[in-house]
Structures are given as structure tokens and as C-alpha cells.
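# Coordinate inspection notes
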Amino acid sequence: MRKGDDALGAKKFDDAIASYNTALAVKFDDPTANAKIAAAQKAKTDEADRLKAEAEAKAKAEAEAKAAAELAKKKSEFEAAIKKGDDALAAKKFDDAIASYNNALAVKFDDATASAKIAAAQKAKTDEADRLKAEAEAKAKAEAEAKAAAELAKKKSEFEAAIKKGDDALGAKKFDDAIASYNNALAVKFDDPTANAKI
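What comes next is a walk through the structure. Every residue gets a number counted from 1 within its own chain, in the order that chain's sequence is written. Selection of residues for local features in this predicted model requires a pLDDT of at least 70, selection of side-chain atom pairs for listing and counting requires 80 or more, and totals for whole chains, interfaces and linings are taken over all residues. Each side-chain value is derived from all of the structure's non-hydrogen atoms; neither hydrogens nor water enter the calculation.

### Some details on the overall build of the protein
Comment: elements are numbered from the N terminus, with helices defined as DSSP H or I runs of at least four residues and strands as E runs of at least two. Along the backbone of the protein there are 7 helices and 0 strands. Listing every helix and strand of the protein by position from the N terminus yields α-α-α-α-α-α-α. Against the compact-globule benchmark of 16 Å for 199 residues, the protein has a radius of gyration of 51 Å, which places it well outside the compact range. In terms of its C-alpha atoms, the protein occupies a principal-axis envelope of roughly 165 × 20 × 10 Å. Radius of gyration here uses only the C-alpha atoms, and the compact-globule reference equals 2.2 Å multiplied by the residue count raised to the power 0.38.

And the structure:
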């Protein structure tokens, strides 16, 4: 029995049960030996349950640690992609920003933020394209107006010179020269009623 008690104390349950069974063989149906066998079997079951629970807890803790590490990695990748996108957006590199935000979306960490950033970058790209188009149109219009104003000023100058030349010729009673100058003024297409009146 002592050998069984020592084995039980050392958590050698099978050895303890074997020793108690040996004692039981010597003294058949000994209540102490039967009780010790039952206690050893219960201790063996309890220890197996404890080891199983411990192994499950360890496995769960390892899985949670792995998941946490994966989540931290995803968060880091996500934040890096978002920052890269933000930097590209600030530099008005819209396609690069959208690509970076799509990379962030692919990480599957914070889809709502990534989707919102993609939408904002696409809007900024459209707004910038519209602004550049409007700027180009305004510049083209201003250039066209400046060209038209210069052309008009040139015509006015040519018209006034032709009218003055015609007036000078008329004053000198050179009627054919005056009519020719007034016809030149009419050809400029600046102030036809004045030219016609002079003719």
C-alpha cells in the first residue's frame, strides 16, 4: 500500500493502481485498498482533465496571440498604405493615391476607411480635372478675346488712317484719291456707315 501511496503522490496513477491491486490480491476485498484504487482512478481522471484543459487553454492563447499578431501586421500594412495614399493625394498624384487606397482595402483591416479614401481621391481627381479644364478654357477664351481686341484695334487704326488719307485727299480736291482711300476704309470692315458717308 505504501508503494501505491508513493506512486500516487508522484502522480504515477497506473503504478499506484497496480500497487493497490497487488495489495488487494494479498488481502481480498480490503476496503482501504478499494478506496485507494477508486481515489487513484479519480485522481488519474482529474489529472487527465486538468492536462487537457491546460492544453486547450495553451492552444487558445497561442491562437489568440497569432491572431493578434496577424491583426497588428494587417493594421501596420493598412496604415502604411493609407499614409502612402494620403501623401500621393496631397501631391495631387490621384492615380497613385487610389492605387495605395486599394492596397489598403485589400488588407481587409478597415474597409470603410479605405473605401471612403478611395471615393475622396476619385472625387479630388475629378475636381482637379474639372478645375484644369475650366482654367484651360478660361485661358483660351482670354487669349481669343485679346486676339480679337488686337485685331479690332488694328482694324480701327487702318480705318482711321484710310479715312484721314481720304479726308486729306478730299481737302486737296483729289477726288479719285479720296474715293480710293474711303473704299480702302470700307474694305477694313470697321465702320461701314462712316466710310459710305464719306464716299
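Let's pick the thread back up.
### Looking at unusual backbone geometry
With the exception of glycine, the majority of residues adopt a negative phi angle, and the majority of peptide bonds are in the trans configuration. Even without being glycine, lysine 11 reaches a positive phi, approximately 60°. Within the secondary structure layout, lysine 11 lies in the loop between α1 (2-9) and α2 (13-26). For lysine 11, a relative accessible area of 48% corresponds to the partly exposed category. Backbone geometry at lysine 92 places phi at a positive 60°, although glycine is not the residue there. Checked against the element boundaries, lysine 92 lands in the loop between α3 (31-90) and α4 (94-107). When a residue's accessible area, from a 1.4 Å probe over protein chains only, is under 20% of the maximum for its type it is buried; when over 50% it is exposed; and in between it is partly exposed.

### What about the nonpolar core?
When a protein is soluble and globular, its nonpolar side chains tend to lie buried together. We define a nonpolar core as any set of buried Ala, Val, Leu, Ile, Met, Phe, Trp, Tyr and Cys residues linked to one another through side-chain atoms lying within 4.5 Å. Residues Phe78, Ala81, Ile82, Ala88, Ala97, Ile98, Tyr101, Ala104, Val107, Ala114, Ile118 and Ala121 constitute the largest nonpolar core, which totals 12 residues. Among the elements of the structure, α3, α4 and α5 (111-171) are those that each provide at least two residues to this core. Ranked by the residues each element gives to this core, the list is headed by α4, at 5 residues. In this analysis, two residues are considered to be in contact whenever any of their non-hydrogen atoms come within 4.5 Å of each other. Beyond its immediate stretch of four places on either side in the chain, alanine 88 contacts Lys93, Asp96 and Ala97.

### Let's talk about the packing of α1 against α2
Inter-axis angles, ranging from 0 to 180 degrees, are taken between N-to-C directions of lines fitted to C-alpha atoms, where helices are fitted over the stretch in contact. α2 packs onto α1 with a crossing angle of 165° between their chain directions and a minimal axis gap of 7 Å. Looking at the two axes, α1 sits roughly antiparallel to α2. For α1 against α2, the interelement crossing comes out left-handed. Of the residues in α2, those in contact with Lys3, Gly4, Asp5, Ala7 and Leu8 of α1 are Phe13, Asp15, Ala16, Ser19 and Tyr20. These descriptions rest on fixed angle ranges, namely under 35 degrees for roughly parallel, over 145 for roughly antiparallel, 65 to 115 for roughly perpendicular, and the rest for oblique. With the far helix as reference, a near helix turned anticlockwise by less than a right angle produces a left-handed crossing, and one turned clockwise produces a right-handed crossing.

### Description of the pattern of salt bridges
Salt bridge, as used here, is a side-chain nitrogen of Lys or Arg placed within 4 Å of a carboxyl oxygen of Asp or Glu. By the definition in use, this model includes 19 salt bridges. In this structure, the salt-bridge partner of glutamate 77 is lysine 73, at a minimum N-O distance of 3.9 Å. Of this pair, glutamate 77 and lysine 73 both sit in helix α3, 4 residues apart, which is roughly one turn of that helix. The network of salt bridges with shared partners includes Lys11, Glu47, Arg50 and Glu54.

### What about the packing of α3 against α4?
In the contact formed by α3 and α4, the axes pass within 7 Å of each other and the chain directions differ by 165°. As far as their axial angle goes, α4 and α3 are roughly antiparallel. Relative to α4, α3 is oriented so that their crossing is left-handed. For the pair α3 and α4, the contacting residues are Lys74, Glu77, Phe78, Ala81, Ile82, Lys84, Gly85, Asp86, Ala88 and Leu89 in the first and Phe94, Asp96, Ala97, Ser100, Tyr101, Asn103, Ala104 and Val107 in the second. For the contact of α3 with α4, the class distribution of residues is 10 nonpolar, 3 polar and 5 charged. Throughout this entry, Asp, Glu, Lys and Arg are counted as charged residues, while Ala, Val, Leu, Ile, Met, Phe, Trp, Tyr, Cys and Pro are counted as nonpolar. The remaining residues, Gly among them, count as polar.

### Notes on the environment of alanine 7
Position of alanine 7 relative to the elements: it lies in helix α1. Given the relative accessible area of 9%, alanine 7 is considered buried. When the C-alpha positions of alanine 7 and lysine 141 are compared, they lie 103 Å apart, and in sequence the two are 134 residues distant. Contact partners of alanine 7, with chain neighbours within four places excluded, come to Lys12, Asp15 and Ala16.

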